[in-house]
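What the coordinates show
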Amino acid sequence: MKAIVQERYGPPSVLRYAEVAKPVPAADEVLVRIHAAGVNAADWHMLRGDPKLARLTVAGFGLRGPKQSIPGRDFAGVVESAGSAVEDLSPGDEVYGTSVGAFAEYVCARSGTVARKPAGLTFEEAAALPLAGVTALGGLRDLAAAQPGGRLLVNGASGGVGMFAVQLAKAMGLHVTGVCSTRNLELVTAFGADEVIDYTRHDFTRGGRRYDVVFDLVANRSLAALRRAVAPAGVLILAGGGVYTGGSLVGPMGLVIAGLLTGRLVRQRVVLLAAAPDRERLDTLREYVDAGHVTPVIERTYPLHRAAAAITHLETEHARAKIVITCRIEG
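Residues numbered from 1 in each chain as written. Predicted model: local features only at pLDDT ≥ 70, side-chain atom pairs only at ≥ 80, totals over all residues. Heavy atoms only, no water.

Some details on the overall build of the protein chain
Within the protein chain one finds 10 helices and 15 strands. By residue count, 54% of the 331 residues in the protein chain fall in the buried class. For the protein chain, long-range pairs separated by at least 24 residues make up 69% of all intrachain contacts whose partners lie at least 6 apart in sequence. For the protein chain, the exposed surface amounts to about 13,900 Å²; the carbon and sulfur share of it is 52%. (Helix = DSSP H or I, 4+ residues; strand = E, 2+ residues; numbered from the N terminus. Buried < 20%, exposed > 50% of the residue type's maximum accessible area, 1.4 Å probe, protein only. Contact = heavy atoms within 4.5 Å. Areas by Shrake-Rupley, 256 points an atom, 1.4 Å probe, with all protein chains shown as cover.)

Shown next as structure tokens:
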């Protein structure tokens, strides 16, 4: 099969489009013929080995290169075969989910990280959902325990996670303020934000307003600044992937570490979000999609052999919403 291969850390040019062996599913896995794969901030972090501290502390990172040679995590496609222990998925099922090695024509994934694809979505739209959608859901439902009428601010509202956070929050009955650039104000408003703040003109951390939940997806403010925007008994959720700025030792992990330490000393809750896609969360996202509350937004798609260009777009051009790679097999 064709796949994108990464053997060392570096810029997108280190990626190769190559022929590799087709994987064989274990007893608890399904083999999926991939139609589309989503691109996430985690992909460029893994590509660059950035921040360097992650090479020592984060699963999947190695010292000189990633432990998995095929990058990518989010996918949507069709089950081709199932392991002997898989009872609820069968060949021919249209699915979406997550597994390391998704930038390829086929991937093996544990059945617990795969769910049936929302029927009304294309494969490209479904591939945009797993990690970003689960991150938004995990932050709002599982960590913030958001209640109707609560006031939420999303820093990075036009990004992949941000667009899902805005839509899910509105479905949960929250009052949503989105922070984004000038060019994305109309987009974020169109998808449900009650108010928008143009970060090129206004600093939301200095306006005096406080929110029940601040969902930080950018990691471009200090912890002290972010806390100024959180109500005294509110919640600050840290999930920022940042953007590539030439390499770093600590990167957004510095904000996370400060947050974890400070959170033990203040009344405000400061929490780190690390929600992994699983069957329950993927099924819940499908319910929101089927009910018309969530619609994936895709800025651009790239063919599999241009995966390097897709990651370049994401890490340097402040992509709005999601970037997706098409992986359909010809013939």
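Having seen it, we continue.
Let's talk about helix 1 (residues 41-48)
Burial within helix 1 is extensive, with six of its eight residues counted as buried. Listed as buried for helix 1 are Asp43, Trp44, His45, Met46, Leu47 and Arg48. Of the residues one or two after helix 1, Gly49 is the one with positive phi, at around 65°.

Observations regarding the nonpolar core
Core analysis: the largest hydrophobic core is formed by 50 residues, its most contacted members being Tyr96, Leu129, Leu152, Leu168, Val176, Phe215 and Ile237. Looking at which element gives the most residues to this core, the answer is helix 5 (residues 160-171), with seven residues. Excluding anything up to four places from it in sequence, Phe215 contacts Thr135, Ala136, Gly139, Leu140, Leu152, Leu153, Val154, Asn155, Ala165, Ile237, Ala239 and Leu273. Counting residues in each nonpolar core, the second largest holds 29 residues, with Leu15, Phe75, Leu304 and Ala310 among its members. (Core = buried A, V, L, I, M, F, W, Y, C linked by side-chain atoms within 4.5 Å.)

Re the packing of helix 4 (residues 130-143) against helix 9 (residues 279-290)
One can describe the packing of helix 4 onto helix 9 by two numbers: an axis separation of 10 Å at closest approach and a directional angle of 90°. When the axes of helix 4 and helix 9 are compared, the pair comes out roughly perpendicular. Residues Pro130, Gly133, Val134, Leu137, Arg141 and Asp142 of helix 4 touch helix 9, and the partners they reach there are Glu280, Arg281, Leu282, Thr284, Leu285 and Tyr288. Residue classes in the contact of helix 4 with helix 9 are distributed as six nonpolar, two polar and four charged. (Axes fitted to C-alpha atoms, helices over the stretch in contact; angles between N-to-C directions. Parallel < 35°, antiparallel > 145°, perpendicular 65-115°, else oblique. Nonpolar A, V, L, I, M, F, W, Y, C, P; charged D, E, K, R; others polar.)

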